[in-house]
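Letter by letter, the chains look like this.
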Amino acid sequence: MRRMSERPRSAATGKHAGNQESRNSRVRREVVQLILDRKLRPGAALPTETELMEDLGVSRNSVREALKALQALDIVEIRHGYGTYVGQASLTPLVDGLTFRTLARHDDDTGALAEILQVREVLEEGLLRRVAALLTDAELDRLEAVVDGMEAAGRAGRPFPELDREFHELLYAPLGNALVPQLLGAFWTVFRRVLGVRGRGDGPAPDVTVGRHRDIVTALRARDVEGAQRAMAVHFRGIEQRAAGACPADQAAEQGR
């Protein structure tokens, strides 16, 4: 005898579910359009549930389902007891999605990490040519100071992933493009998360990492764009070795180059 949970859905049930999903999607789009039409900024209060029901002509449940879905995308922020506000529209959903996508590829997590690195490498090497003409001596000094901080941390036996991240964010800051550090930060966070889960926390020797970053700054000071791009490519080769779980002998060979 077939259990109830195994019964196939009737055509009517499937149609109802489809209509519900279509209605939920419509309500989500209309809430987003309301935010855009009213030019509401992040942190601005949205109309109450009752007002949204009246404005959109839908039930309270439809409004709540739409707001929950938009909260997952960081488009709205639900503050229980206070109301609903426009969210920051951050890249957190992208980070979470890419992290899951990478970890879910159990058969080839190295390949999935390589894909993320490839996108980041193409992005950075392309931006490097553009930012090279904008970097001032003062900005290059700040980059040099970050590398010095990496070196000091390495000598003290401390990891310095946050300094590495700061270096790349400072490098492209002169572009004045707010999306660039967000995208780079998203890829950086995904990479760190996956390495942590996969137990690949050890990277190249600290002085190797420091040297690769210093080579980038040296080339930029000389206004050698091609040299800076080559140094960046070498840097990414090291990251790829780390993602693939390069053995200490491989790292030693890389250090000797």
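Numbering of residues begins from 1 in every chain and follows the order in which that chain's sequence is written. Only residues with pLDDT of at least 70 get local features here, since the model is predicted, and only at 80 or more are side-chain atom pairs given and counted; chain-wide, interface and lining totals rely on the full set of residues. Excluding hydrogens and water, the side-chain figures rest on all heavy atoms present in the structure.

### Concerning the layout of surface pockets
Phase 1: Detection works on a 1 Å grid of protein atoms alone, calling trapped sets that fit a 1.4 Å probe cavities and calling open sets with protein on both sides within 12 Å along at least five of seven lines pockets, with lining residues defined by an atom within 4 Å of a point. Grid points are joined across faces, edges and corners, and a volume is the space filled by probe spheres set on the points. Approximately 280 Å³ is the volume found for the second largest pocket.
Phase 2: Lining the second largest pocket are 16 residues, and of these Glu49, Leu67, Ile78, Gly83 and Thr84 lie nearest its centre.
Phase 3: Residue polarity is assigned by list, with Asp, Glu, Lys and Arg as charged and Ala, Val, Leu, Ile, Met, Phe, Trp, Tyr, Cys and Pro as nonpolar; anything else, Gly included, falls into the polar class. Class assignment of the residues belonging to the lining of the second largest pocket gives a composition of 7 nonpolar, 5 polar and 4 charged.

### A closer look at the environment of Ala69
Phase 1: What counts as a helix is a DSSP run of H or I of at least four residues, what counts as a strand is a run of E of at least two, and both are numbered from the N terminus. If you trace the backbone, Ala69 turns up in helix α3 (residues 60-72).
Phase 2: Think of it in three bands: residues with accessible area under 20% of the maximum for their type are buried, residues over 50% are exposed, and the middle band is partly exposed, with areas taken using a 1.4 Å probe on protein chains only. Of the residues examined, Ala69 reaches a relative accessible area of 24% and is grouped as partly exposed.
Phase 3: For the pair Ala69 and Ser25, spaced 44 residues apart in sequence, the C-alpha to C-alpha distance is 9.4 Å.

### Here we look at the packing of helix α7 (residues 161-172) against helix α8 (residues 179-198)
Phase 1: Direction vectors running N to C along α7 and α8 enclose 155°, while the axes themselves pass 10 Å from each other. On the basis of the axis angle, α7 is roughly antiparallel to α8. By crossing handedness, the relation of α7 to α8 is classed as right-handed. Between α7 and α8, the contacting residues are Pro161, Glu162, Arg165, His168, Glu169 and Tyr172 on the first element and Val180, Pro181, Leu184, Gly185, Trp188, Thr189 and Arg192 on the second.
Phase 2: A breakdown of the residues in the contact of α7 with α8 according to their chemical character gives 6 nonpolar, 3 polar and 4 charged. Axes here mean lines fitted to C-alpha atoms, for a helix over just the part in contact, with angles spanning 0 to 180 degrees between N-to-C directions. For classification purposes, angles smaller than 35 degrees are called roughly parallel, those larger than 145 roughly antiparallel, those between 65 and 115 roughly perpendicular, and all remaining angles oblique. Note on convention: near helix rotated counterclockwise from far helix by under a right angle means a left-handed crossing. Clockwise means right-handed. Residue contacts follow a heavy-atom distance rule, with two residues in contact if any of their heavy atoms lie within 4.5 Å.

### A short note on the packing of aromatic side chains
Phase 1: Note on ring pairs: Phe, Tyr and Trp rings are taken, using the six-membered ring of Trp, and paired if centres are within 6.5 Å. Classes follow the plane angle, with under 30 degrees stacked, over 60 edge-to-face and the rest tilted. Per the counting criterion, the structure on display carries 0 aromatic pairs.
Phase 2: As a reminder, the over-ring test applies to NZ of lysine and CZ of arginine, requiring each to be within 6 Å of the ring centre and within 35 degrees of the ring normal. The ring of Tyr85 is capped by Arg79, whose NZ or CZ atom sits 3.9 Å from the centre of that ring.

### Observations concerning the pairing of strand β1 (residues 76-79)
Phase 1: Two strands form a pair only when DSSP identifies at least two bridges running between them. Relative to strand β2 (residues 83-86), β1 runs antiparallel, the two sharing 4 bridges. The partner of Val76 across the bridge, within β2, is Val86.
Phase 2: Between β1 and β2, which pair antiparallel in sequence order, lie 3 residues; one of them, Gly81, sits at a positive phi of approximately 90°.

### Quick look at empty space enclosed by the protein
Phase 1: Tallied over the full model, the rule gives 1 cavity of 30 Å³ or more.
Phase 2: Size it by volume and the largest cavity reaches roughly 50 Å³.
Phase 3: In terms of lining, the largest cavity is formed by Arg120, Glu124, Arg165, His168, Glu169, Leu184, Gly185 and Trp188.
Phase 4: Counting residues per element, the ones that place at least two in the lining of the largest cavity are α5 (109-132), α7 and α8.
Phase 5: In the lining of the largest cavity, the residues fall into 2 nonpolar, 2 polar and 4 charged.

### As for the pattern of salt bridges
Side chains that differ in charge, positive against negative, can pair when their charged atoms come close.
Phase 1: We define a salt bridge as a side-chain nitrogen of Lys or Arg found within 4 Å of a carboxyl oxygen belonging to Asp or Glu. Applying the stated criterion across every chain, the model contains 17 salt bridges.
Phase 2: Residue Asp141 pairs with Arg221 through a salt bridge whose shortest N-O separation is 2.6 Å. Note that Asp141 is positioned in helix α6 (residues 137-155) and Arg221 in helix α9 (residues 206-221), a separation of 80 residues in sequence.
Phase 3: Asp141 gets classed as partly exposed once you look at its relative accessible area, which sits at 42%.
Phase 4: With relative accessibility at 34%, the residue Arg221 sits in the partly exposed group.
Phase 5: Across the pair Asp148 and Arg214 runs a salt bridge, and its minimum N-O distance is 3.1 Å. You can see Asp148 sitting in helix α6 and its partner Arg214 sitting in helix α9, a full 66 residues away along the chain.

In short, the description is geometric, and any link to function would need to be established separately.
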